[in-house]
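Listed here are the chains, written in short residue letters.
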Amino acid sequence: MSSLLIIILVIAAVLLLGGAAFALTRGRQTQTLERPATGTQLEGRDGPATDRAPSIDQATDGDVLVADRVEPEPIDEPTGPPSFRDRLGKARGAFSGYFGSVRSRGGITDETWEELEEALILADVGVPTTTAMLGRVQEQVKADKVKDPEILMDLLRAEMTSELSGQDITLQAGAKPSIWLFVGVNGVGKTTTIGKLANREVQAGRSVVLGAGDTFRAAAAEQLETWAERAGAGFIRGAEGADPGSVIFDAVEHAAAGGADLVLADTAGRLHTKTNLMEELSKVRRVAEKARGEITEVLLVLDATTGQNGLIQAKQFTDTVDVTGVVLTKLDGSAKGGIVLAIQSELGIPVKLVGLGEGIGDLVEFDPTEFVDALFA
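Fair warning: this is a prediction, and the values are worked out from it, not measured in the lab.

Some remarks on unusual backbone geometry
Okay, step 1: In this structure, D124 is a non-glycine residue whose phi angle is positive, near 65°.
Okay, step 2: Judged by relative accessible area, which is 12%, D124 ranks as buried.
Okay, step 3: Here D322, not a glycine, exhibits a phi torsion of approximately 55°, which is positive.

Given below as structure tokens:
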């Protein structure tokens, strides 16, 4: 009986050890199969790309390093331009509580004006612009003896629309090729903006060349090249660390030789507080002007979520390179949409384009009426 028990125990032990070994082997196989591929997201001076640009997937096999190019993920083509009303929920939310409180009052009181002032300042309209606009509305309320808060809100809406209107938001084109130079600080999305705008211009029937003037950020040229391929635009780059002015000069000359309509020129992001880098940007412009083209736009790309800091950036870049217009990215994700009013009122620079999403068709012309209506909706 004892011998039989010993045999049973030995068999059980063998089965148990065999099962454990199988489970361990299976676990190792599963871990290997489920290991995610590594990749390098392209970010740096211009921030992360809206869609995935070329990245490096690296795997080692002994001393051999294997690198595979990863194609960008496709973005669904939009069926039409995005709606300001649909995309400006965060900006509208910053106003709605105050506006609702004003409308709920039985009349127009001192508290009414205080709430409107607070709403505008918190939305980064800025103190000077807020004071000026509310001053004009107060005069009209007094002159017309307005008592109804709803009428007051209509007057404020009209004042804001008027403040934003009257400036030419058309992207200017001159003799072929026209040069549109893009500038801005790190991380605002210049390269992505250029790619989206290139796609729009090519769809409109224009021939476009992209110039990779950001020669310092790792993979900046590769990111721009991917956008050029997607948009069907030409592309000129230089060696890493090359003089950015010479790269843009070559891009313009190439465009001129081929009869292209536009050159969209990227530049490296730079802090507006760094004097030497701002002077370098001024040099880039001077060199570009010597090529066979005409600089018709210098577009400052600003991140709408930075609010009043964007106004400071705009002042510095305008002093350096004579900014002709602003591209405001990430407006859909910002509660600080009032910066649009501050830029146009205090600097006299029109906001020409705004980003209302991450899609390739979400870079649209700024519409003052639609913008203000979206805030009051």
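A closer look at the nonpolar core
Okay, step 1: Counting residues in hydrophobic clusters, the biggest one holds 93 residues, and the most contacted among them are L210 and F371.
Okay, step 2: Sequence-distant contacts of F371, defined by excluding residues within four places in its chain, comprise F84, L88, L164, L331, G337, V340 and F366.

Points about the confidence of the model for the protein
Okay, step 1: Looking at the protein, pLDDT values average 79 and 77% of them are 70 or higher.
Okay, step 2: Segment residues 20–78: pLDDT under 50, and 84 contacts once partners within four positions in sequence are set aside and those in other chains are kept.

Some points on the pairing of strand β9 (residues 351–355)
Okay, step 1: In terms of burial, β9 is a largely internal element, five of the five residues being buried.
Okay, step 2: Two strands pair when backbone bridges link them, and strand β8 (residues 325–329) and β9 are joined in this way by three bridges, in the parallel orientation. From the neighbouring strand, V327 faces β9, where its bridge partner is L353.
Okay, step 3: Pairing geometry for β9 and strand β10 (residues 363–365), over three bridges, is antiparallel. Residue pairing across strands places V354 opposite V364, the latter belonging to β10.

A word on the packing of helix α3 (residues 89–104) against helix α13 (residues 368–376)
Okay, step 1: For the pair α3 and α13, interaxial distance at closest approach is 8 Å and the crossing angle is 60°. Relative to α13, the element α3 lies oblique. For the pair α3 and α13, the contacting residues are A91, R92, F95, F99 and R103 in the first and A374, L375 and F376 in the second.
Okay, step 2: Along the lines of polarity and charge, the residues of the contact of α3 with α13 split into six nonpolar, no polar and two charged.

Details of empty space enclosed by the protein
Okay, step 1: A full pass over the atoms with the stated rule returns one cavity of 30 Å³ or more.
Okay, step 2: There is about 30 Å³ of room inside the largest cavity.
Okay, step 3: Those elements that place two or more of their residues in the lining of the largest cavity are α9 (244–258) and α10 (275–289).
Okay, step 4: Take the lining of the largest cavity: its biggest share by element is three residues, from α10.
Okay, step 5: Taken together, the residues of the lining of the largest cavity break down into two nonpolar, one polar and three charged.

What counts, and at which threshold
- Residues numbered from 1 in each chain as written.
- Predicted model: local features only at pLDDT ≥ 70, side-chain atom pairs only at ≥ 80, totals over all residues.
- Heavy atoms only, no water.
- Buried < 20%, exposed > 50% of the residue type's maximum accessible area, 1.4 Å probe, protein only.
- Core = buried A, V, L, I, M, F, W, Y, C linked by side-chain atoms within 4.5 Å.
- Contact = heavy atoms within 4.5 Å.
- pLDDT = per-residue confidence, 0-100.
- Helix = DSSP H or I, 4+ residues; strand = E, 2+ residues; numbered from the N terminus.
- Pairing = 2+ DSSP bridges.
- Axes fitted to C-alpha atoms, helices over the stretch in contact; angles between N-to-C directions.
- Parallel < 35°, antiparallel > 145°, perpendicular 65-115°, else oblique.
- Nonpolar A, V, L, I, M, F, W, Y, C, P; charged D, E, K, R; others polar.
- 1 Å grid on protein atoms, 1.4 Å probe; cavity = no way out; pocket = protein on both sides within 12 Å on 5 of 7 lines; lining within 4 Å.
- Points joined across faces, edges and corners; volume = space filled by probe spheres on them.

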